[in-house]
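Inside the fold
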Amino acid sequence: MNDHTLDSFVRLRPRLRGIAYRMLGSAADADEVVQDAWLRWHETDHAAVANTEAWLVSVTTRLAIDRLRAAKARREDYVGTWLPEPILTEADAPHTPEQMLERADQLSVAFLAVLERLAPEARAAFLLREIFDADYAEVAAALGKSEAACRQLVHRARTLLKDGRAARQTVAPADQQRLLRAFAEAAARGDLSGLKAVLAEDAQLISDGGGKVPSFGVPLLGGPRIAQLYMATSLRFAGRVHYELASLNGEWGLLRFIDGALESAQALQVEEGRITGIHVQRNPDKLAGIAQARGHALVDPAVTQYDRGAT
């Protein structure tokens, strides 16, 4: 392999990882898919490849489809609600409000959770066409199907996601930060009135404990109920809980710590100045990457084994 073919892969790696992560909702699985694509690229006859990007996208997409099929079978036995693994995005965060909104729409935990409704091939077709702006010829090449079949896949995916797709953030990033800080401060001190003031009446909370820590098996509905839950957490861990603002999957969220150890990553959706949705990732396996990146330990699961209604 010469330097040119190596440079081509390195240049395209962020795009390949972006496809794999959006397909799988797992950073570790995405990295393994990209590594497999690299091995295949290393072993192929590069002189026979007319379009390097198209070849690598096709291989990555097919590898991700195969891995997602296996993952979906495992997720049928998953304890509680399955949510994607959140990732920190500070290092490559967009610089303008417009870019921030675009990233949030394409990468958010809420969006990835909605994508779980799609079968693997439909998910791939939708992502390539709607998120990565591939034309139908490229989608067809990646999936090994006709353009007509891919158009049908994308159309059906759009229809299926129409009612469930997360709304774009409707406030500027700076306003989102202020709102989340107000929420975090109220949550840390157990201020019920302060929590209710920033939560929408019809807000919902979804949590993922993976059967390793307590979590809700179904969404918790209603701002007042969610406010009471955060107040209860503050009272139980009086003075031991703190929150940090973090860019999670391209939009502002919160990291919660107990005694300095990472307990959860919380992605929050904001509409019209209120928090409308919270996705709480508590599964230690899905928090390991963030904990390592931030240089924190993970909270001991025994610390939070107190009731089935933990956030």
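This report concerns the structure included in the present document. (Residues numbered from 1 in each chain as written. Predicted model: local features only at pLDDT ≥ 70, side-chain atom pairs only at ≥ 80, totals over all residues. Heavy atoms only, no water.)

1. Concerning the side chain of Thr 81
Inspection of the secondary structure puts Thr 81 in the loop between α3 (52–75) and α4 (97–107). A distance of 3.3 Å separates a polar side-chain atom of Thr 81 from the backbone oxygen of Gly 217. Ignoring anything within four residues of it in the chain, the contact list for Thr 81 reads Ile 206, Ser 207, Asp 208, Phe 216 and Gly 217. (Helix = DSSP H or I, 4+ residues; strand = E, 2+ residues; numbered from the N terminus. Polar contact = N/O pair within 3.5 Å; in protein donor to acceptor, adjacent residues only side chain to side chain. Contact = heavy atoms within 4.5 Å.)

2. Quick word on the nonpolar core
One recurring pattern in soluble globular proteins is that nonpolar side chains are buried together. Within the largest apolar cluster, 49 residues are counted, with the highest numbers of intra-cluster contacts made by Met 23, Leu 115, Leu 128 and Leu 143. When contributions to this core are tallied by element, the ones reaching two or more residues are α1 (3–24), α2 (27–43), α3, α5 (109–115), α6 (120–131), α7 (136–143) and α8 (147–161). The dominant element in this core, judged by the number of residues it contributes, is α1, at eight residues. Not counting residues within four places of it along the chain, the set of residues in contact with Leu 143 comprises Thr 61, Arg 62, Ile 65, Glu 121, Ala 124, Ala 125, Leu 128 and Leu 153. Counting residues in each nonpolar core, the second largest holds 32 residues, with Ala 184, Ala 186, Leu 220 and Ala 227 among its members. (Core = buried A, V, L, I, M, F, W, Y, C linked by side-chain atoms within 4.5 Å. Buried < 20%, exposed > 50% of the residue type's maximum accessible area, 1.4 Å probe, protein only.)

3. Side note on the pattern of salt bridges
Counting across every chain of the model gives 21 salt bridges. Between Glu 263 and Arg 256 there is a salt bridge whose closest N-O contact spans 2.7 Å. When sorted by exposure, Glu 263 lands in the same class as Arg 256, which is buried. Beyond isolated ion pairs, a larger network of salt bridges with shared partners links Asp 29, Glu 32, Asp 36 and Arg 67. (Salt bridge = Lys/Arg side-chain N within 4 Å of Asp/Glu carboxyl O.)

4. Things to note about α6
Its 12 residues place the ends of α6 16 Å apart at the C-alpha level, agreeing with the 16 Å of an ideal helix rising 1.5 Å per residue. When you tally the buried positions in α6, you get nine out of 12 residues, the bulk of the element. All of the buried residues along α6 are Pro 120, Ala 122, Arg 123, Ala 124, Ala 125, Phe 126, Leu 127, Leu 128 and Ile 131. (Expected span 1.5 Å × (residues − 1).)

5. Quick word on unusual backbone geometry
Residue Asn 249 is not a glycine yet carries a positive backbone phi of 55°. Mapped onto the elements of the fold, Asn 249 is located in the loop between β3 (241–248) and β4 (251–258). Here Asp 259, not a glycine, exhibits a phi torsion of approximately 55°, which is positive. Following the sequence through the fold, Asp 259 ends up in the loop between β4 and β5 (261–271).

6. Observations concerning a negative patch on the surface
On the surface, a cluster of negative charge is made up of Asp 133, Asp 135, Glu 138 and Glu 147. Here Glu 138 shows up in helix α7. When its relative accessible area of 43% is taken as the criterion, Glu 138 is described as partly exposed. (Patch = residues over 30% accessible without salt bridge, like charges linked within 9 Å, V, L, I, M, F, W, Y side chains within 5 Å. Areas by Shrake-Rupley, 256 points an atom, 1.4 Å probe, with all protein chains shown as cover. Lys, Arg positive; Asp, Glu negative; His and termini not counted. Charge placed at Lys NZ, Arg CZ, Asp CG, Glu CD.)

7. Let's talk about the packing of α6 against α8
It is the contact of α6 with α8, at a shortest axis distance of 8 Å, that shows an interaxial angle of 95°. Here α8 runs roughly perpendicular to α6, going by the angle between their axes. Contacts between α6 and α8 involve Glu 121, Ala 122, Ala 125, Phe 126, Arg 129 and Glu 130 on the former and, on the latter, Leu 153, Val 154, Ala 157, Arg 158 and Leu 161. Each residue belonging to the contact of α6 with α8 can be placed in one class, and the counts come to seven nonpolar, no polar and four charged. (Axes fitted to C-alpha atoms, helices over the stretch in contact; angles between N-to-C directions. Parallel < 35°, antiparallel > 145°, perpendicular 65-115°, else oblique. Nonpolar A, V, L, I, M, F, W, Y, C, P; charged D, E, K, R; others polar.)

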